[in-house]
Amino acid sequence: MKTIAFFAIYLAGGVALFPFLDLLRPVGVSLDHFYSEFFLSSGIDVAQRLSLSFIYASLFHLVWSALFSESAKSWVYTTDIKDLCYLALRCMSAFCISLMSLGLVGKSTQKVPHTDFHQYFTFLVICMLLGAWAWELKNFLIAAIYYAARKITGTAK
């Protein structure tokens, strides 16, 4: 039931954001410029839709993971600096893989005939998977906060 709620809420929220697409024009320009460095430029309009979908998916996954994931109390008290570095590396690698996959998706859909909403909805569905990098971000943030709290109180190794 939680999975069905996830899909329904995610898609409803993403569709509700479509009218605000023009507000992210500067982000689309920046993303297109970033992708042009890797020969993945797909145009400003496509990058604008990609950026809104990816930002929304990442934030949605982050909030969902904060509300509905397992408790971190079983592992968070034993983290040390090596664990923090490992979690940071996992977070950064997941983010980079998601970002490069997003660029490949934009490049591959550049010449497909579509309406603006159809393309945005396609990106929204694809970004549902790419936004999962935010779960790694949540794990890193929890570990870093607990480690810093233990350092402050003097209970860290």
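Placed above this text is the structure.
All of these numbers come straight from a predicted model, not from anything done at the bench.

Colleague: Can you break down the packing of helix H1 (residues 2-17) against helix H3 (residues 44-68) residue by residue, with the values?
Modeller: Two quantities define a packed helix pair, namely the angle between the axes and the distance from one axis to the other. Relative to each other, H1 and H3 sit at 145°, their axes nearing to 11 Å. Seen along the crossing, H1 lies across H3 with a hand that is right-handed. Between H1 and H3, the residues in contact are Lys2, Ala5, Phe6, Ile9, Tyr10, Gly13, Gly14 and Leu17 and Leu52, Ser53, Tyr56, Ala57, Phe60, His61, Trp64 and Phe68, respectively. When the residues that make up the contact of H1 with H3 are grouped by side-chain class, the tally is 11 nonpolar, four polar and one charged.

Colleague: Describe unusual backbone geometry, with residues and values.
Modeller: The phi torsion at phenylalanine 39 lies on the positive side, around 60°, for a residue other than glycine. Note on placement: phenylalanine 39 falls in the loop between helix H2 (25-36) and H3.

Colleague: Break down the packing of H2 against helix H4 (residues 81-108) for me, citing the residues and quoting the values.
Modeller: Packing of H2 against H4 leaves a shortest axis separation of 11 Å and a crossing angle of 90°. Judged on the interaxial angle alone, H4 and H2 are roughly perpendicular. When H2 is examined against H4, the residues Leu31, Phe34 and Tyr35 are found in contact with a partner set consisting of Leu99, Met100, Leu102 and Gly103.

The rules we used
Residues numbered from 1 in each chain as written. Predicted model: local features only at pLDDT ≥ 70, side-chain atom pairs only at ≥ 80, totals over all residues. Heavy atoms only, no water. Axes fitted to C-alpha atoms, helices over the stretch in contact; angles between N-to-C directions. Helix = DSSP H or I, 4+ residues; strand = E, 2+ residues; numbered from the N terminus. Left-handed = near helix turned anticlockwise from the far one by under 90°. Contact = heavy atoms within 4.5 Å. Nonpolar A, V, L, I, M, F, W, Y, C, P; charged D, E, K, R; others polar. Parallel < 35°, antiparallel > 145°, perpendicular 65-115°, else oblique.

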